[in-house]
Amino acid sequence: MAPSTLHKIVVIDSHTGGEPTRVVMEGAPTLHGASLSDMRDDFMRNQSHFRASVINEPRGSDIIVGALVLPPVNAGSTASVIFFNNVGVLNMCGHGTIGLIRTMWYTKSIEPGVHRIDTPAGTVETMLHSSGDITVRNVAAYRYKHNVTLRLQNGQTVSGDVAWGGNWFYLCHDHGIPLHLGNLSQLQQFSWEIRRQLEANGIAGADGAEIDHIELTGPAHSAHNNGRNFVLCPGGAYDRSPCGTGTSAKIACLAADGKLRPGETWQQESITGSVFAGSFELVGEVVIPSITGNAFITAEINLVFESADPLMNGITTPTSMS
């Protein structure tokens, strides 16, 4: 075998309600741009090899969300972050923000209290409670389209709302599939078919934005909670947590329907049974959701890269589901 040169990237892994976050601590690329959105775009265009090598197999998996921590861009903020996954970048990530704050506490970068984090979707305010719980006061959320009907290839008709919670979601309630892990394959295939039909029918978010998250909603399994969801992420993996931006989108729809009032708590279960506590406040007529959950550190890792490794930059898998 030809001699290899080696380099390392240092990461810390955590999970939030079962959904992993990988925070890059050392070895991140230098990004260019006048704004955080510009730097996100630079990362997407010019650093796809870095993204794939950190997140994808053989060092990672499709379910991991990466977090690239940068200096703050706004006065009063603690840091900026760009979230990325197996297929691209995210505007915002609720579970990832909780994982980031937990990681920063673990490394003694922060203490309990309020910490503002700049994201491409806007600045979010977090509260690290002394108990270890973390609250994310998210960007404004809203329902964009109500009761959008789709006809699927099997002839079934479903309806749902298009909503923004930091990412774009189609929230479907009349799917007819019980939300438990025994139906996982069916839920994934069904959600991907919804996404295909959204694209085929030209249904998009504001300014033509792609709706890249599908959220199937249903009744809670526990009497202590209010609802349950299954969220399919852009790359085809499902969210093990209740999804922070997805819960925010759900709260925006509940608020629009008058089913949740400011300050009331919505306990949102995930497909795995983990729970986020959600609520919202009104700023004028704008819904500002807050999500509370917790995260746990799972690993400190040196990712090693050998230049002779033909899979050094990760394995890119297709996202289409047949």
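Here, every reference points to the structure presented above.
Everything in this summary refers to the structure shown in the same document.

Reading guide: rules and limits
- Residues numbered from 1 in each chain as written.
- Predicted model: local features only at pLDDT ≥ 70, side-chain atom pairs only at ≥ 80, totals over all residues.
- Heavy atoms only, no water.
- Helix = DSSP H or I, 4+ residues; strand = E, 2+ residues; numbered from the N terminus.
- Buried < 20%, exposed > 50% of the residue type's maximum accessible area, 1.4 Å probe, protein only.
- Expected span 1.5 Å × (residues − 1).
- Phe/Tyr/Trp six-rings, centres within 6.5 Å; stacked < 30°, edge-to-face > 60°.
- Axes fitted to C-alpha atoms, helices over the stretch in contact; angles between N-to-C directions.
- Parallel < 35°, antiparallel > 145°, perpendicular 65-115°, else oblique.
- Contact = heavy atoms within 4.5 Å.
- Nonpolar A, V, L, I, M, F, W, Y, C, P; charged D, E, K, R; others polar.
- Polar contact = N/O pair within 3.5 Å; in protein donor to acceptor, adjacent residues only side chain to side chain.
- Salt bridge = Lys/Arg side-chain N within 4 Å of Asp/Glu carboxyl O.
- Core = buried A, V, L, I, M, F, W, Y, C linked by side-chain atoms within 4.5 Å.
- Pairing = 2+ DSSP bridges.

1. Some remarks on unusual backbone geometry
Here Glu57 and Pro58 are connected by a cis peptide whose omega angle stands at 5°. Counting through the fold element by element, Pro58 comes out in the loop between helix 2 (48–55) and strand 3 (65–70). Backbone geometry places Asn147, a non-glycine residue, at a positive phi of 55°. Take Asn147: it is sitting in strand 9 (residues 142–151). You can call Asn147 partly exposed: its relative accessible area is 46%.

2. A few points about helix 5 (residues 244–256)
Taking 1.5 Å of rise per residue, the 13 residues of helix 5 would be expected to cover 18 Å, and the 18 Å separating its terminal C-alpha atoms lies within 8% of that figure. Across the 13 residues that make up helix 5, a large majority, 11, are buried. Considered for burial, the residues of helix 5 that qualify are Gly244, Thr245, Gly246, Thr247, Ser248, Ala249, Lys250, Ile251, Ala252, Cys253 and Leu254. The positive-phi residue at the C-terminal boundary of helix 5 is Gly258, with phi of around 70°.

3. A look at the packing of aromatic side chains
Considering all chains together, one arrives at 7 aromatic pairs under this definition. Centroid distance Trp164 to Trp168: 5.3 Å. Interplanar angle 55°. Geometry classified as tilted. Residues Trp164 and Trp168 agree in their burial class; the two are buried. Their ring planes at 20° and their centres at 5.9 Å tell us that Phe230 and Tyr238 sit as a pair that is stacked.

4. What about the packing of helix 1 (residues 36–46) against helix 2?
Their axes nearest at 5 Å, the elements helix 1 and helix 2 cross at an angle of 80°. Relative to helix 2, the element helix 1 is oriented roughly perpendicular. Contacts from Phe43, Met44 and Asn46 of helix 1 reach helix 2 at Ser48, His49, Phe50 and Arg51. In terms of residue class, the contact of helix 1 with helix 2 is built from 3 nonpolar, 3 polar and 1 charged.

5. Digging into the side chain of Ser274
By the element assignment, Ser274 lies in the loop between strand 14 (266–269) and strand 15 (275–283). When its relative accessible area of 15% is taken as the criterion, Ser274 is described as buried. For Ser274, the side chain forms a polar contact with the main-chain oxygen of Gly17, separated by 2.8 Å. Polar contacts involving the side chain of Ser274 include one to the side chain of Thr272, which spans 3.4 Å. Leave out the neighbours within four places in its chain, and Ser274 touches Gly17, Arg240, Ser241, Pro242, Gln268 and Glu269.

6. As for the pattern of salt bridges
In the structure shown here, the tally under the stated rule is 10 salt bridges. A salt bridge links Asp13 to Arg22, with the nearest nitrogen and oxygen atoms 2.9 Å apart. Across the pair, Arg22 and Asp13 agree in class, each one buried. Linking Glu269 and Arg228 is a salt bridge whose minimum nitrogen-to-oxygen distance equals 2.8 Å. Within this pair, whereas Glu269 is found in strand 14, its partner Arg228 is found in strand 13 (residues 227–232), the two being separated by 41 residues in sequence. Side by side, Glu269 and Arg228 carry an identical accessibility label, which is buried. Here the salt bridges share partners, and the residues they tie into one network are Arg143, Asp161 and Asp257.

7. Looking at the nonpolar core
If you look at the biggest cluster of nonpolar residues, it comprises 55 residues, and the most contacted ones within it are Leu150, Val158, Tyr170, Ile194, Leu198, Leu216 and Phe230. Here the element with the most residues in this core is helix 4 (residues 184–200); it accounts for 6 residues. The contacts of Phe230, once residues within four sequence positions are left out, are Leu179, Leu184, Leu187, Gln188, Ser191, Ile214, Glu215, Leu216, Tyr238 and Ile271. Of all hydrophobic cores here, the second largest spans 18 residues; its members include Ile9, Val54, Leu68 and Phe84.

8. As for the pairing of strand 7 (residues 122–128)
Bridging between strand 6 (residues 113–119) and strand 7 involves 7 bridges; their strand directions are antiparallel. Within the sheet, the bridge partner assigned to Val114 lies in strand 7 and is Met127. Here strand 6 folds back onto strand 7 in antiparallel fashion, the turn holding 2 residues. Sheet topology places strand 7 next to strand 8 (residues 134–137); 4 bridges connect them, and they run antiparallel. By the bridge assignment, Met127 is partnered in strand 8 with Thr135. Between strand 7 and the antiparallel strand that follows it, strand 8, lie 5 residues; Gly132 among them carries a positive phi value of about 100°.

9. Quick notes on the environment of Ser131
Within the element layout of this structure, Ser131 appears in the loop between strand 7 and strand 8. With a relative accessible area of 57%, Ser131 lands in the exposed category. For the pair formed by Ser131 and Asn294, sequence separation is 163 residues and the distance between their alpha carbons is 9.5 Å. At a separation of 3.3 Å, a polar atom in the side chain of Ser131 contacts the main-chain amide nitrogen of Asp133.

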